[in-house]
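The residues making up each chain are set out below.
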Amino acid sequence: MAAAVFHQSLGTFLPHGQANVASNVPKLNSKCFKVEIGVFRKNSPRSRNTSIRAIQSSSSQTSVVDPILSPSINTSDDSQKKQNEAALILIRHGESLWNEKNLFTGCVDVPLTRKGVEEAIEAGKRISNIPVDMIYTSSLIRAQMTAMLAMTQHRRKKVPVIIHNETEQARVWSQIFSEETIKQSIPVIASWRLNERMYGELQGLNKQETADRYGKEQVHEWRRSYDIPPPNGESLEMCAERAVAYFKDQIVPQLQSGKNVMIAAHGNSLRSIIMYLDKLTSQEVISLELSTGIPMLYIFKEGNFIRRGSPAGPSEAGVYAYTRRLALYRQKLDEMLN
Ligand SMILES: O=C(O)[C@@H](CO)OP(=O)(O)O
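Not measured: the values here are computed from a predicted model. (Residues numbered from 1 in each chain as written. Predicted model: local features only at pLDDT ≥ 70, side-chain atom pairs only at ≥ 80, totals over all residues. Heavy atoms only, no water.)

Colleague: In this structure, what is going on with the UniProt feature "active site" (unreviewed entry) in the protein chain? I would like to understand it.
Modeller: In the UniProt entry, the feature "active site" (unreviewed entry) is given for His93 and Glu196. These annotated residues cover 104 residues of sequence, and their C-alpha atoms lie no more than 10.5 Å from one another, placing them together at a single site. Checked against the element boundaries, His93 lands in the loop between β5 (85-92) and α2 (97-100). Ignoring any residue separated from it by four or fewer positions in sequence, one finds His93 in contact with Asn99, Leu112, Arg142, Ala143, Thr146, Ala265, His266, Thr292 and Gly293. Only 3.4 Å separates the side chain of His93 from the side chain of Arg142, close enough to count as a polar contact. By the secondary structure assignment, Glu196 is in the loop between β8 (185-190) and α7 (207-214). (UniProt positions renumbered as here; feature names shortened; annotations may be inferred. Helix = DSSP H or I, 4+ residues; strand = E, 2+ residues; numbered from the N terminus. Contact = heavy atoms within 4.5 Å. Polar contact = N/O pair within 3.5 Å; in protein donor to acceptor, adjacent residues only side chain to side chain.)

Structure below.
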């Protein structure tokens, strides 16, 4: 019986036994206005010319990209090169039990509150017409819960499947034996590199009490400055060193190959990624605030990231006017499901 295991770098399932063969994946980075999730600088076309190499494709791979519905799929190699375009959804997890208690959380692994669960479901409705071929989350349960709950609302009804590549045994024991089931699955890859910034000795402390004790300015500096770490913790800069590196090395190649990606992560790991995508300065990022459970859409096209804000609802007309492919995707969902 044919079995397939997930090849992380290629972002696809490979027949068992070939999962280790294809490892040559290339590696690869005003004005302010307020949107629902924060303050952003306007896109600057000048700054978006990241040079990008195309991902090598393996003839033996079984693509997980929906062959019928994904707008990123093209039949000819030529048109693939010209039109490579993919959706990138970023979402901060819904409210956690420690957000509710106003505690510094960092890398402490706490679940969502009931309100956080509802936020994740609501976020899922807002992106339910946007294609998702791969999901990246942190290793923390609040981000994973958010991704999973959001996907329960997606109209395509593919099932998110957490990929276990931590050992050979984990990989073999989690293999899928049905091509059809693979096509109906979305791989979910968890990495600690997308975790919240490590808050050091502040983890578990109440934010208000900490401000009362050390002063508002000091606490604001620890929380929002770019390069000043909290005691024995990570600064945003240190967090960016791992989160943005992971984004460039692991996620950009998937976007280049036309896969639509959702990242469910954290206030600060996402701030560092948005700083990179929107070319924010270390001053501008200070005022970037992300709300819990609000999805934000970027279009990756010809090596550039075009920020499209947050879809207000599943049928917000504007979202589907962004690109012909998103409109087509939605139209095909309508035809298939109505
Ligand atoms: O406590 C944390 O881990 C983060 C996110 O909730 O807090 P802050 O907003 O202060 O960076």
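From this point, the narrative continues.
Colleague: Explain the packing of α7 against helix α8 (residues 216-224) to me, please; I cannot follow it from the model alone.
Modeller: A pair of packed helices can be characterised by two numbers: the angle between their axes and the separation between those axes. The geometry of α7 relative to α8 is characterised by a closest axis approach of 6 Å and an angle of 125° between their N-to-C directions. With respect to their mutual orientation, α7 and α8 come out oblique. Along its contact with α7, which presents Lys207, Thr210, Ala211 and Tyr214, the element α8 presents Lys216, Gln218, Val219, Trp222 and Arg223. Residue composition of the contact of α7 with α8, grouped by class: four nonpolar, two polar and three charged. (Axes fitted to C-alpha atoms, helices over the stretch in contact; angles between N-to-C directions. Parallel < 35°, antiparallel > 145°, perpendicular 65-115°, else oblique. Nonpolar A, V, L, I, M, F, W, Y, C, P; charged D, E, K, R; others polar.)

Colleague: I would appreciate a short explanation of helix α3 (residues 114-126) in the present structure.
Modeller: With 13 residues, α3 extends 19 Å between its outermost C-alpha atoms, agreeing within 8% with the 18 Å of an ideal straight helix rising 1.5 Å per residue. What α3 keeps buried is the set Gly116, Glu119, Ala120, Ala123, Gly124 and Arg126. Along the axis of α3, the buried positions cluster into a sector of 155°, meaning they face one direction only. Tucked inside the fold, the buried residues of α3 contact β5, α4 (141-151) and β10 (295-301). (Expected span 1.5 Å × (residues − 1). Buried < 20%, exposed > 50% of the residue type's maximum accessible area, 1.4 Å probe, protein only. Arc of directions from axis to C-beta.)

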